[in-house]
Amino acid sequence: MPKDNAVKIGVLALQGAFEEHLACLNRLKVEASEVRLPEEFDGLNGLVIPGGESTTMARLMRDYGLTAPLRKLIRNGFPVMGTCAGMIVLSHKIADVGAPTLDAMNIKVHRNGFGRQIDSFETDLSIPVIGKKPYPAVFIRAPFIEHVGDGVEVLARLSDGTAVAARQGNMLALSFHPELTDDLRLHAYFLDMVRNSVKR
Ligand code: GLN
């Protein structure tokens, strides 16, 4: 199958699980590149912020001069998907991250929200926007969404009601790791967001 030349996606590659996201995007035949410098945002139609360690990632983003330009791009409608630590980085400032977050998405997150006992787990989620089939979600020292503000739609909850996926316009935030499963529906969903933003 030829590459989908219509869109180019960047994956923030300072730290964390960026290679797995690049692999997923490649499997979807989309051009994807690693981003470490502000000028590498040029020509991109969207960005994935991977899982990793939000404290380290936010600090590196600040040190590499990425936080302010990315915040501005997002405010102007640039599509982003943040997974796990990436969701934390997208959210409002939280005290224990130590460096500025992007303060872009109107959500309050709880880091390491599932406690030490259940560090990691996998569960089938119902995510209606990607179809009826349950989605196998992998959680690793995951944050959850404690509070959603105006303009945010919760896309998935655990059986106890905890919000673990949300969208606000051009922003998609997931508590779990879609790059660690073979199910590419969430990457495909993000690509639809990107394509719709390109059309406009
Ligand atoms: N616990 C990490 C943090 O707070 C997130 C873990 C992950 O991205 N898998 O940044």
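Up top is the structure.
Residues numbered from 1 in each chain as written. Predicted model: local features only at pLDDT ≥ 70, side-chain atom pairs only at ≥ 80, totals over all residues. Heavy atoms only, no water.

### Details of the pattern of salt bridges
Tallied over the full model, the rule gives nine salt bridges. In this structure, Arg27 and Asp182 form a salt bridge, with 3.9 Å as the shortest nitrogen-oxygen distance. In this pair, Arg27 sits in helix H1 (residues 18-27) while Asp182 sits in the loop between strand E11 (171-174) and helix H5 (185-199), placing the two residues 155 residues apart along the sequence. Looking at Arg27, the relative accessible area reads 44%, which means it is partly exposed. The partner of Asp119 in a salt bridge is Arg141, with the nearest N and O atoms 3.9 Å apart. Linking Asp119 in the loop between strand E5 (107-110) and strand E6 (120-125) with Arg141 in the loop between strand E7 (135-140) and strand E8 (144-148), this pair joins segments that are 22 residues apart in sequence. (Salt bridge = Lys/Arg side-chain N within 4 Å of Asp/Glu carboxyl O. Helix = DSSP H or I, 4+ residues; strand = E, 2+ residues; numbered from the N terminus. Buried < 20%, exposed > 50% of the residue type's maximum accessible area, 1.4 Å probe, protein only.)

### Here we look at helix H2 (residues 54-63)
Among the residues of H2, those classed as buried are Ser54, Met57, Ala58, Leu60 and Met61. Buried residues of H2, seen end-on, are gathered within an arc of 165 degrees and therefore sit on one face of the element. With its phi angle positive at about 70 degrees, Gly65 sits one or two positions after the end of H2. (Arc of directions from axis to C-beta.)

### What about the environment of Gly52?
By secondary structure assignment, the location of Gly52 is in the loop between strand E3 (46-49) and H2. Classification of Gly52 as partly exposed rests on a relative accessible area of 36%. With 28 residues separating them along the chain, Gly52 and Val80 place their C-alpha atoms 16 Å apart.

### Quick look at the side chain of Ser175
Topologically, Ser175 is positioned in the loop between E11 and H5. Contact partners of Ser175, with chain neighbours within four places excluded, come to Cys84, Met87, Phe139, Ala142, Pro143, Phe144, Ala163 and Val164. (Contact = heavy atoms within 4.5 Å.)

### Here's the deal with the layout of surface pockets
Think of a ball as big as a water molecule: rolled over the atoms, this probe shows where empty space is left. Reported here for the largest pocket is a volume of approximately 160 Å³. Every residue along the wall of the largest pocket is listed here: Gly52, Glu53, Ser54, Cys84, Ala85, Ile88, Arg111, Asn112, Ile140, Arg141 and His177. Among the residues forming the lining of the largest pocket, the class breakdown is four nonpolar, four polar and three charged. (1 Å grid on protein atoms, 1.4 Å probe; cavity = no way out; pocket = protein on both sides within 12 Å on 5 of 7 lines; lining within 4 Å. Points joined across faces, edges and corners; volume = space filled by probe spheres on them. Nonpolar A, V, L, I, M, F, W, Y, C, P; charged D, E, K, R; others polar.)

### Considering the state of the cysteines
Following the criterion strictly, the structure yields zero disulfides and no others. Not part of a disulfide, Cys24 finds its nearest cysteine sulfur in Cys84, a span of 15 Å. (Disulfide = S-S within 2.5 Å.)

### Describing the pairing of strand E4 (residues 80-83)
Put simply, side chains in a regular strand alternate between the two faces of the sheet. Covered by surrounding structure in E4 are Val80 and Gly82 together with Met81 and Thr83, the residues of both alternating faces. Here E3 pairs with E4 via three bridges, running parallel. Bridging across to E4, Leu47 finds its partner in Val80. Where E4 and E11 come together, four bridges link them in parallel fashion. Its bridge partner being in E11, Thr83 is matched across the sheet by Leu174. (Pairing = 2+ DSSP bridges.)

### Here we look at helix H3 (residues 67-75)
Residues Thr67, Leu70 and Ile74 constitute the buried set of H3. The buried residues of H3 occupy one face: seen down the axis, they fall within an arc of 70 degrees. In H3, the exposed residues that point more than 90 degrees away from the buried face are Ala68, Lys72 and Arg75. Against E3, H2, E4, helix H4 (85-90) and E11 lie the buried residues of H3. Just downstream of H3, Gly77 is the residue with a positive phi angle, here 105 degrees.

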